[in-house]
Structure formats: structure tokens, C-alpha cells
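Single-letter residue listing:
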Amino acid sequence: SERTLVLVKPDGVARGLTGEVLGRIERKGLRIVALKMLLAPRDTAEQHYAEHEGKGFYPGLLDFITSGPLVAAVVEGERAIPAFRQLAGGTDPVEKAATGSIRGDLALETQLNIVHGSDAPESAVREIALWFPELV
Ligand code: ATP
């Protein structure tokens, strides 16, 4: 099995969708093996989204992800990384996310797309170490 890093972003927490997201993860058969709520420090947010530095949406993305509490989880199971990406749906909740996915069912705007999930094993290792240094 593998592990992935999931964030319920500040929009999801503010809208009261934390339980909805965690429930979908559990109903899929994935296991939540670590969980916490925190206000993301600026430097953690910068490291998390380092690949987007220089893009037009990057400053707004940092402001958004640090704008309120988020929920971080380590999720484990068979093919956990693609399994959660499937649960989340595509980045653009209208154009890309299928109905039935978290974003497809619950979001309208690309920035405010409720969740993050690691996109590859290397990102998962990096992101779990970043958000859960106490686990590594
Ligand atoms: P995440 O990494 O959060 O799971 P993702 O892998 O689906 O999302 P990325 O392309 O890595 O998408 O973008 C990271 C995040 O940046 C998106 O989830 C979204 O919140 C925001 N974002 C991406 N593209 C745009 C855009 N064009 N305008 C505004 N925000 C964007």
C-alpha cells in the first residue's frame, strides 16, 4: 500500500466540508493514519506550492491557503495516491472534475477547490515530511 497527503483547504473547512471529505475517504476504503487542523505557516505554504512559484495565481494561492485553518491528513491504502485524485476530481471543478467527485459535486472555482492530494509518490513523501515532520 502507499500513502498520500491530503489537505482540506481553508475553503473546505470554512464551508463545513471536513467531515464530508473525510467520510468519502473512509467510504472508499482508505485509512486516515494521521490528522490535524492548523493555520498553515507562510513558509510551509511556500514549500508546498514551490512548483507554482512565478505563476500568475501563485501569490493569491499563498494568501488563500494561509487564510484560515486547514485540515491535513496522511491517507493510506492500496493505490492511495491515484485513488484520492479520483475522489477529488480534476483541478477545475466545472471543466475537469466529474460529477460524483468532491470538486465536481461541491466546488465552482479553480482556486476554491476544497482539497489537495499528492500527485506522485515522490510528492507524497515530500509533502508528508513537510506537513507531518513529527511522523518522519
Ligand atoms: P492540488 O495540488 O491543490 O491538489 P491540483 O494538483 O489539482 O491541485 P495544481 O495545478 O497543482 O492542481 O494547482 C494547485 C492549486 O492551485 C489548485 O488546486 C488550485 O487551488 C490552484 N490553482 C491552480 N490553477 C489555478 C488557476 N488557474 N487559478 C487559480 N488557482 C489555481
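Each value, and the rule that gives it
Residues numbered from 1 in each chain as written. Predicted model: local features only at pLDDT ≥ 70, side-chain atom pairs only at ≥ 80, totals over all residues. Buried ≥ 20, exposed ≤ 12 C-beta atoms within 10 Å, placed from the backbone. Helix = DSSP H or I, 4+ residues; strand = E, 2+ residues; numbered from the N terminus. Pairing = 2+ DSSP bridges. UniProt positions renumbered as here; feature names shortened; annotations may be inferred. Contact = placed C-beta atoms within 7 Å. Axes fitted to C-alpha atoms, helices over the stretch in contact; angles between N-to-C directions. Parallel < 35°, antiparallel > 145°, perpendicular 65-115°, else oblique. Left-handed = near helix turned anticlockwise from the far one by under 90°. Arc of directions from axis to C-beta.

Draft legend 1. Representation of the pairing of strand β1 (residues 2–8). Most of β1 is tucked away, with six of its seven residues classed as buried. Where β1 lies against strand β3 (residues 70–77), seven bridges are found, and the strand directions are antiparallel. Its bridge partner lying in β3, Glu2 is registered against Gly77. As paired strands, β1 and strand β4 (residues 115–117) are joined by three bridges and run antiparallel to one another. Opposite Val6, over in β4, you have Gly117 as the bridge partner.

Draft legend 2. Seen up close, the UniProt feature "active site" (unreviewed entry) in the protein chain. UniProt records the feature "active site" (unreviewed entry) for His116 in the present numbering. The topology assignment puts His116 in strand β4. If sequence neighbours within four positions are ignored, His116 has contacts with Val6, Leu7 and Lys9.

Draft legend 3. Fine view of the packing of helix α2 (residues 18–28) against helix α5 (residues 80–88). Close contact between α2 and α5 brings their axes to 11 Å; oriented N to C, the two are set at 130 degrees. One element, α2, and the other, α5, form an angle in the oblique class. Like other packed secondary-structure pairs, α2 and α5 cross with a definite hand, here right-handed. For the pair α2 and α5, contact is made by Arg24, Ile25 and Lys28 and by Ala83, Phe84 and Leu87, respectively.

Draft legend 4. Structural context of helix α7 (residues 121–131). Looking only at α7, the buried set comprises Ala124, Glu127, Ile128 and Trp131. Each buried residue of α7 sits inside an arc of 100 degrees when the element is viewed along its axis, so together they form one side. In the core, the buried residues of α7 are packed alongside β1, α3 (42–48), β3 and α5.

Draft legend 5. Up close: the UniProt feature "binding site: ATP" (unreviewed entry) in the protein chain. UniProt records the feature "binding site: ATP" (unreviewed entry) for Lys9, Phe57, Arg85, Thr91, Arg103 and Asn113 in the present numbering. Secondary-structure assignment places Thr91 in the loop between α5 and α6 (102–106). We classify Thr91 as exposed; it has 12 C-beta atoms within 10 Å. In this view, Thr91 contacts Lys96, Thr110 and Asn113; residues no more than four positions away in its chain are not counted. On the neighbour-count criterion, Asn113 (23 C-beta atoms within 10 Å) is buried. Contacts of Asn113, omitting those with residues within four sequence positions, involve Thr91, Pro93, Arg103 and Ala107.

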